[in-house]
Amino acid sequence: MKIRIATIDDYNEIVPMYKELLKIIYSDMKLGKDIFIHGAVQHWFRSNYDVILCEKDDGTITGFSMAYVQDVGIIEPYYLGDIAYVKPEYRKGRSAHLLYTNVIKYGDNQGLPVVAKGFVGDGNRDKVEQIQSKFGERRFVEYHRNIKKG
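Fair warning: this is a prediction, and the values are worked out from it, not measured in the lab.

Quick notes on the rules
Residues numbered from 1 in each chain as written. Predicted model: local features only at pLDDT ≥ 70, side-chain atom pairs only at ≥ 80, totals over all residues. Heavy atoms only, no water. Patch = residues over 30% accessible without salt bridge, like charges linked within 9 Å, V, L, I, M, F, W, Y side chains within 5 Å. Areas by Shrake-Rupley, 256 points an atom, 1.4 Å probe, with all protein chains shown as cover. Salt bridge = Lys/Arg side-chain N within 4 Å of Asp/Glu carboxyl O. Helix = DSSP H or I, 4+ residues; strand = E, 2+ residues; numbered from the N terminus. Pairing = 2+ DSSP bridges. Axes fitted to C-alpha atoms, helices over the stretch in contact; angles between N-to-C directions. Contact = heavy atoms within 4.5 Å. Buried < 20%, exposed > 50% of the residue type's maximum accessible area, 1.4 Å probe, protein only. Polar contact = N/O pair within 3.5 Å; in protein donor to acceptor, adjacent residues only side chain to side chain.

J.: Can you break down a nonpolar patch on the surface residue by residue, with the values?
T.: Among the surface-exposed residues, V72, I74 and I75 lie close enough to one another that they form a single nonpolar patch of about 330 Å² accessible area. With respect to the helices and strands, V72 occurs in the loop between β3 (61-70) and β4 (78-86).

J.: Lay out the sheet that holds β3 with the relevant residues and their values.
T.: The strand order across the open sheet formed by 5 strands is β1-β2-β3-β4-β5, and the pairing between neighbours is mixed. Of all strands in the sheet, those bounded by a partner on one side alone are β1 (2-5) and β5 (114-116). Mean inter-strand twist for the sheet, computed between neighbouring axes without regard to direction, equals 25 degrees. Looking at chain direction, strand β2 (residues 50-55) and β3 are connected through 6 bridges and run antiparallel. Of the residues in β3, the one forming a bridge with I52 is S65. Packed on one face of the sheet, helix α3 (residues 95-109) meets β1, β2, β3, β4 and β5 and runs near 170 degrees to β4.

J.: Break down the environment of K23 for me, citing the residues and quoting the values.
T.: Relative to the helices and strands, K23 resides in helix α1 (residues 11-25). The partly exposed category is assigned to K23, whose relative accessible area is 41%. Polar contacts involving the side chain of K23 include one to the side chain of E20, which spans 3.1 Å.

This is how it looks when you write it as structure tokens:
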């Protein structure tokens with residue numbers, strides 16, 4: 001298992017993984033049209049965000065992460081580990097660990113604080129806590145409410 005920088009040639013592998021992540025995170029909400037999902041991924045590449053792939057030795061992609069330097073001006077710049085996704089069949093392996101470790105090492109090497117997000121819904125809280133707590137302390141918990149129409 002190894003990680004590598006994603007290239008434009010990996011685009012068609014990344015978009016479906018991102019869409020699957022959105023389906024999990026927003027399972028109680030209707031996703032927008034695919035054009036917006038494609039636009040988001042295209043934005044990552046245009047903005048030179050750090051899109052990293054995890055793959056098996058045979059080249060099979062197991063997951064990805066997306067991170068970038070965030071500089072909002074009101075606090076010092078920090079490295080934001082915004083997204084990490086591992087395909088379900090590879091979640092018991094080392095993919096998540098390699099992706100998270102890469103974000104931490106990059107932030108440390110740049111001398112930047114690191115902030116990472118983690119989805120804790122669908123009974124995922126303990127697993128995310130286990131992974132994320134190795135890298136830092138919890139700062140925020142997000143709550144949402146969706147009123148079903150009909």
